[in-house]
Amino acid sequence: MTYEYEVVVVGAGGAGLYAALEASKTARTAVISKLYPMRSHTGAAQGGISAALGNVEEDLPEWHAFDTVKGGDYLTDQSAALLLAEDAIRAVIDLEHRGLPFNRTAEGKIDQRRFGGHTRNFGEAAVMRSCFAADRTGHMILQTLYQQCIKNEVSFFDEFQVLDVIIEGRQCKGIVVIELSTGEIHVFKAAAVLFATGGFGRMFRITSNAYANTGDGPAVLARRGIPLEDMEFFQFHPTGIRQMGILITEGVRGEGGILRNSSGERFMERYTPTLLDLAPRDIVSRSIISEIREGRGIIGDGSVDDYVHLDATHLGKDVIEAKLPDIAEFCRTYQGIDPAEHMIPVMPTAHYAMGGIPTDMDGRVIADKNGNIYEGLYAAGECACVSVHGANRLGTNSLVDLVVFGRRAGIHMREYVEGAVIPVVGKDAGNEARHFIEGLRQRSRGIHGGYIRQEMESVMMEKVGIYRTGSQMQAAVDTLKDLREQYSEAAVQDTKNRFNTDLLEIIELRNLLDLAYITACSAHNREESRGAHYREDYPGRNDEGWLKHTLAWLEKDSVKINYKPVDISRWEPKPRVY
Amino acid sequence: MKVALKIERFNPKSDAKPHFQEYSVDVSENDRVLDLLIHVKRFQDGSLAFRKSCAHGVCGSDAMIINGIERLACKTLVKDVAQNENNSITVEPLKNLPIQRDLMVNQDEFFKRYKSVKPFLINDEKAPGRERIQSPEERKKFDDATKCILCAACFSACPVIREKNPLFLGPAQVVQASRFLDDSRDRGFEARIAVLDTPKGVWPCENHFKCTEVCPRGIKVTKLINLTKKKIKNYRERRGQ
């Protein structure tokens, strides 16, 4: 079938829903999601959403912006960070008005708590900036936004998987999708298309990310010649449940939790004496790995299974039940322990992509280093790179990013489509996607995708992880090249049309493989250490050579790299100490 | 350990009726049942159909019946459900919703009824420049209901829907309504009563407590249904009905 809408939003997480709410005010809008409603990964965000409300102690948006820039190791675009911090206040109040059940202070205002890297007066001490709803803030945001979409009767296409984007020259004309329940391929013509497909942490073996986080948006665009920005910067969250990667919110440390090594030492005292356990995530993750490497992990053998302890036993049952109830439940379910009585075994887990589809501050997709844009093409949320997170995102800023830039993209699309017509799309628009799907279905013999996926996850974890070297990354690039070749011979075992989830997984695997390849190539190319990208062969930050954004184009079997300047209009880059 | 995983398979387009298929999977006792299903799908039988996403009990995708009880596959550990000397685990799709394929059920009706309770804040008063004020006590009143992830485990376990009144609104739906009825900022009581105070609304519930027993989020579902009934009764009394 062919559908026609003024605006099409791909993805029903926080950014997509907020954009849809704004766009649908005047434009005919459809939301395409590969999941059922409210299954999106925004719902898994725990700790909070930062805004300098100053409800608990003095705070300023300018401090929030500075922390975001410094947290991003000065790769953050500074005008964007200022906009983020200023608009965060309006966004949080707006969410409250729409019904979001924030925790409250004794006076009935929105309660706030400390979070990593968020400070008072340009780094003096940790500040209470994170607005929260227990430890399920993302769940509440997703629910609130979906509730508003019900109220405003937004149109949803649930369980439709995006396959391709229709672009002619610098003009986006629509998308091609496959419908899970029938296996049919459809074309959506639209004057404006927003990609809000979330992250792609599933390229790593240990990750906090949902199975759905396979980077469908960035991969589809990369295959159509759109560059991806700063893909080498992937955040490992310091505290995932050992071996499983399930997220234990930074809110635990925000409420006073402490990281300890095998001798019970609060080791962060040695790494970041001012912010201690509330240093930014890249630093804390590296500190944990250093402890493990030096034999001070709990097992002590420095193996990949080694871990450290997150101690929340001194917080007391009441604080844990009131402010961290889900964390307590995860600990009971998956580790059989009560965090009020036992320390939580944790290790870093692949968590968040700082890089993604390059956009301006209205979500418009950028085509090159000069900032030229694609007409009618937008991206927002984790799949996009504005860049407000630079080389390392601060905790809580992902939720701010969703609501600030999701909304701005929605408003811009609404205005843009007023003067635009629904594009004419050729009959052959969906043919490449159809050909690809038929090829997968008809191949009767071939390696099953499961094996390729397993190897990709391992090589990314071991060779493009927290500590990186040139030779390891070269090995990863070679393996990924090989896996992409193997993929061209992979077959689906399920040949049915209806609810073919085998086919979906193999579509997702192609997306992950392409993004893993771009990530490894971008990482191998950047010969310095900055934020989450740490190279043992280039251990220092090198502003002279590398204070620039990477733009990476996927060509058939290689990745072409170019660069884009960083906006440092407000604060001069300085060494990053906490 | 080796687990004998028995899964109900059914493709309504080609099968006359559901049948069980058994898979042998080598796993660790701390693995989730979801890990087993994924292992089967990736390395034994790609045609097995089920939904999944977050894999840690917060998105609501993988509710199914494991050893006869509604649970989330990602929140159920092998060691807690493997039975007998061959470590057998039986997995079936949710009940009270039509099977699409294997463990996938059609949740359209579930969401349609959810939407009918007007699950959004209703308040047309002019909002202040800052947040609306709400005390911690007022906020706590509806905390339990905010945990709902709409997984439909309660809807499947409800004996009223299964045996007596398939049109009963449903446990999760009442929970979602109560989340707003108990919110001091909400003004939509009467709009929601029009849906709840009907023969298909809140009244068919007979307090079997099955919803409360299976809720993977530990919500006191039956209690919230009874409190909602009480609110309606009080409202009627106030109006002299």
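It should be emphasised that the depicted structure is a prediction, and the values quoted were computed from it without experimental measurement.

Visitor: For the overall build of chain B, give the residues involved together with the corresponding values.
Guide: The helix and strand inventory of chain B stands at 11 helices and seven strands. For chain B, the C-alpha atoms occupy an extent of roughly 60 × 40 × 30 Å along the three principal directions. Expressed as a percentage of the 241 residues in chain B, the buried residues total 59%. When the accessible surface of chain B is split by element, carbon and sulfur atoms take 49% of a total near 10000 Å².

Visitor: Kindly report on a negative patch on the surface, identifying the contributing residues and their values.
Guide: Together, Glu-455, Asp-478, Asp-482, Glu-485, Glu-489 and Asp-557 of chain A give the surface a local cluster of negative charge. Residue placement: Glu-455 of chain A occurs in helix H13 (residues 449-463).

Visitor: Account for the sheet that holds strand S11 (residues 234-241) of chain A, with residues named and values stated.
Guide: The pairing of strands in a sheet happens through backbone hydrogen bonds and is either parallel or antiparallel. Residues and elements named next belong to chain A. Taking strand neighbours across the sheet as the criterion, the four strands line up as S11-S14-S13-S12 in an open arrangement whose pairing is antiparallel. Looking along the sheet, the strands with just one partner apiece sit at the ends: S11 and strand S12 (258-260). Ignoring which end each strand starts from, the neighbouring axes of this sheet average 45° apart. As defined by bridge partners, strand S13 (residues 308-311) adjoins strand S14 (residues 344-353) across three bridges and the pair is classed as antiparallel. Each bridged residue has a counterpart across the sheet, and for Val-308 the counterpart in S14 is Val-346.

Visitor: Help me get a handle on the pairing of strand S21 (residues 548-554) of chain A, residues and values and all.
Guide: All names here are of chain A. Of all seven residues in S21, six are buried, a share of seventy percent or more. Judged from the two bridges that link them, strand S10 (residues 228-229) and S21 form a sheet pairing that is antiparallel. Within the sheet, the bridge partner assigned to Glu-229 lies in S21 and is Leu-551. Between S21 and the antiparallel strand that follows it, strand S22 (residues 559-565), lie four residues.

Visitor: Tell me about the packing of aromatic side chains, and name the residues and values.
Guide: Applying the stated criterion to the full structure yields 24 aromatic pairs over all chains. Taking NZ or CZ as reference, Arg-570 of chain A lies 5.0 Å from the ring centre of Trp-571 of chain A, over its face.

Visitor: Describe in detail the interface of chain A and chain B, supporting the description with residues and values.
Guide: On the side of chain B, 71 residues touch chain A, which itself brings 62 residues to the contact. For the chain A face of the interface with chain B, the top three residues by lost area are Tyr-36, Arg-39 and Tyr-211 of chain A, together amounting to 14%. Here chain A is connected to chain B by eight salt bridges. Ionic pairing is found between Glu-505 of chain A and Arg-42 of chain B, a salt bridge with its closest N-O pair at 3.3 Å. Taken together, chain A and chain B are joined by 40 residue pairs in polar contact (both at pLDDT 80 or more). If you list the elements that add at least two residues to the side of chain A that touches chain B, you get helix H3 (78-97), helix H4 (137-151), helix H10 (325-335), H13 and helix H15 (501-525) of chain A.

Visitor: How would you summarise the nonpolar core if you had to cite specific residues and measurements?
Guide: Judged by nonpolar contacts, the single largest core of 129 residues is most densely connected at Ile-49 and Leu-194 of chain A together with Leu-5, Leu-37 and Ile-89 of chain B. Contact partners of Ile-89 of chain B, with chain neighbours within four places excluded, come to Val-3, Ala-4, Leu-5, Lys-6, Leu-36, Ile-66, Asn-67, Val-78, Val-81 and Ala-82 of chain B.

Visitor: I'd like a rundown of the packing of helix H1 (residues 14-23) of chain A against H4 of chain A, residues and numbers included.
Guide: Residue and element names in this part refer to chain A. In contact at an axis separation of 9 Å, H1 and H4 are set at 30° when each is read in the N-to-C sense. Considered as vectors, H1 and H4 are oriented roughly parallel to each other. The handedness of the crossing between H1 and H4 is left-handed. Of H4, the residues touching H1 (which contributes Gly-14, Leu-17, Tyr-18 and Leu-21) are Leu-142, Leu-145, Tyr-146, Gln-148 and Cys-149. Its residues assigned to classes, the contact of H1 with H4 comprises seven nonpolar, two polar and no charged.

Visitor: Tell me about unusual backbone geometry, and name the residues and values.
Guide: The amide bond that connects Val-386 of chain A to the next residue, Ser-387 of chain A, takes the cis arrangement and shows omega of 5°. Summarising the element assignment, Ser-387 of chain A is placed in the loop between strand S18 (384-385) and helix H11 (397-418). For Phe-499 of chain A, which is not glycine, the phi dihedral falls at a positive 50°. Tracing the chain through its elements places Phe-499 of chain A in the loop between helix H14 (470-487) and H15. A relative accessible area of 4% means that Phe-499 of chain A is categorised as buried. Located in the positive-phi region is Leu-150 of chain B, a residue other than glycine, with phi close to 55°. Along the chain, the position of Leu-150 of chain B falls in the loop between helix H5 (143-146) and helix H6 (153-157).

Calculation notes
- Residues numbered from 1 in each chain as written.
- Chains lettered and ligands numbered in written order.
- Predicted model: local features only at pLDDT ≥ 70, side-chain atom pairs only at ≥ 80, totals over all residues.
- Heavy atoms only, no water.
- Helix = DSSP H or I, 4+ residues; strand = E, 2+ residues; numbered from the N terminus.
- Buried < 20%, exposed > 50% of the residue type's maximum accessible area, 1.4 Å probe, protein only.
- Areas by Shrake-Rupley, 256 points an atom, 1.4 Å probe, with all protein chains shown as cover.
- Patch = residues over 30% accessible without salt bridge, like charges linked within 9 Å, V, L, I, M, F, W, Y side chains within 5 Å.
- Salt bridge = Lys/Arg side-chain N within 4 Å of Asp/Glu carboxyl O.
- Lys, Arg positive; Asp, Glu negative; His and termini not counted.
- Charge placed at Lys NZ, Arg CZ, Asp CG, Glu CD.
- Pairing = 2+ DSSP bridges.
- Axes fitted to C-alpha atoms, helices over the stretch in contact; angles between N-to-C directions.
- Phe/Tyr/Trp six-rings, centres within 6.5 Å; stacked < 30°, edge-to-face > 60°.
- Lys NZ or Arg CZ within 6 Å of the ring centre and 35° of its normal.
- Contact = heavy atoms within 4.5 Å.
- Buried area = accessible area lost by both parts, 1.4 Å probe.
- Polar contact = N/O pair within 3.5 Å; in protein donor to acceptor, adjacent residues only side chain to side chain.
- Core = buried A, V, L, I, M, F, W, Y, C linked by side-chain atoms within 4.5 Å.
- Parallel < 35°, antiparallel > 145°, perpendicular 65-115°, else oblique.
- Left-handed = near helix turned anticlockwise from the far one by under 90°.
- Nonpolar A, V, L, I, M, F, W, Y, C, P; charged D, E, K, R; others polar.

Spatial relationships are all this shows, so hold off on functional conclusions.
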